[in-house]
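# Reading the structure
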Amino acid sequence: MKSGYGTVVRIAAIVVSLIALAHATHAQFQGGRGGVNPRDPQSATQAPVQAVSTEPPPLETDLVLLTVSVAPPEKSPRPSLTREHFQILEDGVEQKIVYFWEDSRPITVGLLIDDSDYMTANMKLSNLRETLPTFLKTKNPADEYFVIQFASFPRMTVSYTTDAKLAPTNFRTMDDSTVPPPDTALNDAIYLGLESIKEGANSRKALVVITAGGDKGCDGSQQTMKNEGLLAFALKQPVQIYSIMMTDDWGTANNGNPCDQISKDVNNLDELAGSTGGKEFLSPNAEGAVNAIAREIAFALKTQYLIGFRSTDTAKDGKRRGIKVKVEPTAGSPKLKV
């Protein structure tokens, strides 16, 4: 994890602090469609959300705020974590945690499923049969989701819903009478997901992209949404992006022909995920593998922690610094992924 310093970063830090202040304030409410209106003082007292910190983070440029996800091993319960379980290192130097908030508010998730020709090869789509039900198995009643499928163009196939039973289990397969389009509108689908999720009821938002890559062919010359433009747009949205790239033989696609665009898409998805606070995963073409990753993402999104510290290194020299977050669970608890 890297953070830069300088004039631009100081301005960005002010924005981050303002966002953190909004997060802390919203922690007292259940907002969104059909929920409590945070602007209404009377309704605000009806649905308080318990937070570890009872005060918003100080509005200052030197406060560094991190959003941290913690996932337990498969079939293990989520442990109860407090400030004392976390450790922050900046360039190897331990930092004092001055703000800590456990965020378990409802979340809106956009599930983006690639059903282009790349995904029909070697039954990749069939291996996704239980993926969405697996992801939604632990959802809270107020969590909502929508589904976008994409080949030559993206289209929403499941609109906003809180009903996990509506998650599709059958996608386009090799047995379909229609020939799947060869194009993969990957960037277009992510853009549509970012636009669509603006209507979500919950302030916490995330996209989960499942694809085999190959955006608009193997050379990317037909891309309608370029990587740079998509990244710039994503950075302006309060949305975490997670991705699962399924592959049979790395670097090849469609009858074994080299496809440079797939490797480019891996890098693009990694940058999108890292820049928005999510994560990119590479998955073998196997039902168990992709389901395990979906389960890990679901646990990571279920509860997140907002952790703040003031760096002991006060130099404003423009140099980048490495940040590491460690978590030590209680005795007897399983090892956690952070």
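Details of the structure are given in the entry above.
Quantities reported herein were computed from a predicted structural model and do not represent experimental measurements.

Turning to the overall build of the chain, a few remarks are in order. Regarding its fold elements, the chain presents 8 helices and 15 strands. The proportion of buried residues among the 338 residues of the chain is 50%. A sequence separation of at least 24 residues applies to 79% of the contacts in the chain between residues at least 6 apart. Summed over all atoms, the accessible surface of the chain reaches about 16400 Å², with 53% contributed by carbon and sulfur.

The 3 strands are arranged E2-E14-E5 in an open sheet whose pairing can be described as antiparallel. With partners counted over all chains shown, the strands left at the sheet margins are strand E2 (63-69) and strand E5 (97-103), one partner each. Neighbour-to-neighbour, the strand axes of this sheet turn through a mean angle of 20°, independent of strand direction. The pairing of E2 with strand E14 (residues 304-310) spans 7 bridges and is classified as antiparallel. Paired with Ser69 across the bridge in E14 is Gln304.

Burial of strand E7 (residues 144-150) is extensive: 7 of the 7 residues sit out of reach of the surface. On E7, burial covers both faces: Glu144, Phe146, Ile148 and Phe150 on one face and Tyr145, Val147 and Gln149 on the other are all buried. As judged from the 7 bridges shared by strand E6 (residues 107-114) and E7, these two strands associate in the parallel manner. Note that in E7 the partner of Leu111 across the bridge is Val147. In this sheet, strand E8 (residues 154-161) lies alongside E7 in antiparallel orientation, the contact comprising 5 bridges.

Below, the discussion takes up the packing of helix H5 (residues 186-196) against helix H6 (residues 227-234). Taken N-terminus to C-terminus, the directions of H5 and H6 make an angle of 15°; their axes are 10 Å apart at the nearest point. As judged from the angle between their axes, H5 and H6 are roughly parallel. As for how H5 packs across H6, the hand of that crossing is left-handed. Listed contacts from H6 to Asn187, Ile190, Tyr191, Leu194 and Glu195 of H5 are Asn227, Leu230, Phe233 and Ala234.

In the Ramachandran plot, Asp91 falls in the positive-phi region, its phi being about 50° despite a non-glycine side chain. Note on placement: Asp91 falls in the loop between strand E3 (86-90) and strand E4 (93-95). At Met123, a position not held by glycine, the phi torsion is positive, near 65°. Secondary-structure assignment places Met123 in the loop between helix H3 (117-120) and helix H4 (131-136). Here Met123 falls in the partly exposed class, since its relative accessible area comes to 41%.

Glancing now at the pattern of salt bridges. Considering all chains together, one arrives at 7 salt bridges under this definition. Between Asp115 and Arg155 there is a salt bridge whose closest N-O contact spans 2.6 Å. Of the two residues, Asp115 is situated in the loop between E6 and H3 and Arg155 in strand E8; the sequence distance between them amounts to 40 residues. One network of salt bridges, with partners in common, ties together Glu90, Asp313 and Arg321.

The subject of this paragraph is the packing of H5 against helix H7 (residues 260-276). Where H5 meets H7, the axes come as close as 12 Å, and the angle between the chain directions of the two elements is 20°. By the angle class used here, H5 and H7 are roughly parallel. The two elements H5 and H7 cross, and the hand of that crossing is right-handed. Taking contact as the criterion, the partners of Leu186, Asn187 and Ile190 in H5 are, on H7, Asp265, Asn268, Leu269 and Leu272. Tallied by class, the residues present in the contact of H5 with H7 amount to 4 nonpolar, 2 polar and 1 charged.

The next subject is the nonpolar core. In this structure, Leu111, Leu128, Phe135, Ile297 and Leu301 are the most contacted members of the largest nonpolar core, which totals 32 residues. Elements with a minimum of two residues in this core: E6, H3, H4, E7, strand E9 (204-211), strand E10 (240-247) and helix H8 (287-302). Here this core gets 7 residues from one element, more than from any other, and that element is H8. Each residue touching Leu128, except ones within four places of it in the same chain, is listed here: Ile113, Met119, Phe171, Ile210, Met246 and Val290. In this structure, Ala189, Ile190, Met225 and Ile241 belong to the second largest nonpolar core, which totals 22 residues.

Thresholds, definitions, all that
- Numbering of residues begins from 1 in every chain and follows the order in which that chain's sequence is written.
- A pLDDT threshold of at least 70 governs which residues receive local features in this predicted model, and a stricter bar of 80 or more applies before side-chain atom pairs are shown or counted, although totals over entire chains, interfaces and linings include all residues.
- With hydrogens and water stripped out, all remaining heavy atoms of the structure feed into the side-chain values.
- Working definition: helices are DSSP H or I runs of at least four residues, strands are E runs of at least two. Numbering for both runs from the N terminus.
- Exposed residues in this analysis have more than 50% of their type's maximum accessible area, buried residues have under 20%, and partly exposed residues fall in between, with area computed by a 1.4 Å probe over protein chains only.
- Working rule for contacts: check all heavy atoms of both residues, and any pair within 4.5 Å makes them a contact.
- Residue exposure ignores everything except the shown protein chains as possible cover, and the areas themselves are Shrake-Rupley values with a 1.4 Å probe.
- Whether two strands pair depends on DSSP finding at least two bridges between them.
- A fitted line through C-alpha atoms represents every axis, and for helices the fit uses only the stretch in contact; the resulting angles, taken between N-to-C directions, go from 0 to 180 degrees.
- Put simply, angles under 35 degrees are roughly parallel, angles over 145 are roughly antiparallel, angles from 65 to 115 are roughly perpendicular, and the rest are oblique.
- The sense of a crossing depends on the near helix, which, turned anticlockwise from the far helix by less than a right angle, makes the crossing left-handed and, turned clockwise, makes it right-handed.
- Think of a salt bridge as a Lys or Arg side-chain nitrogen and an Asp or Glu carboxyl oxygen that are within 4 Å of each other.
- Residues are grouped as follows: nonpolar covers Ala, Val, Leu, Ile, Met, Phe, Trp, Tyr, Cys and Pro; charged covers Asp, Glu, Lys and Arg; every other residue, Gly included, is treated as polar.
- Take the buried residues of types Ala, Val, Leu, Ile, Met, Phe, Trp, Tyr and Cys, join any two whose side-chain atoms come within 4.5 Å, and each joined set is a nonpolar core.

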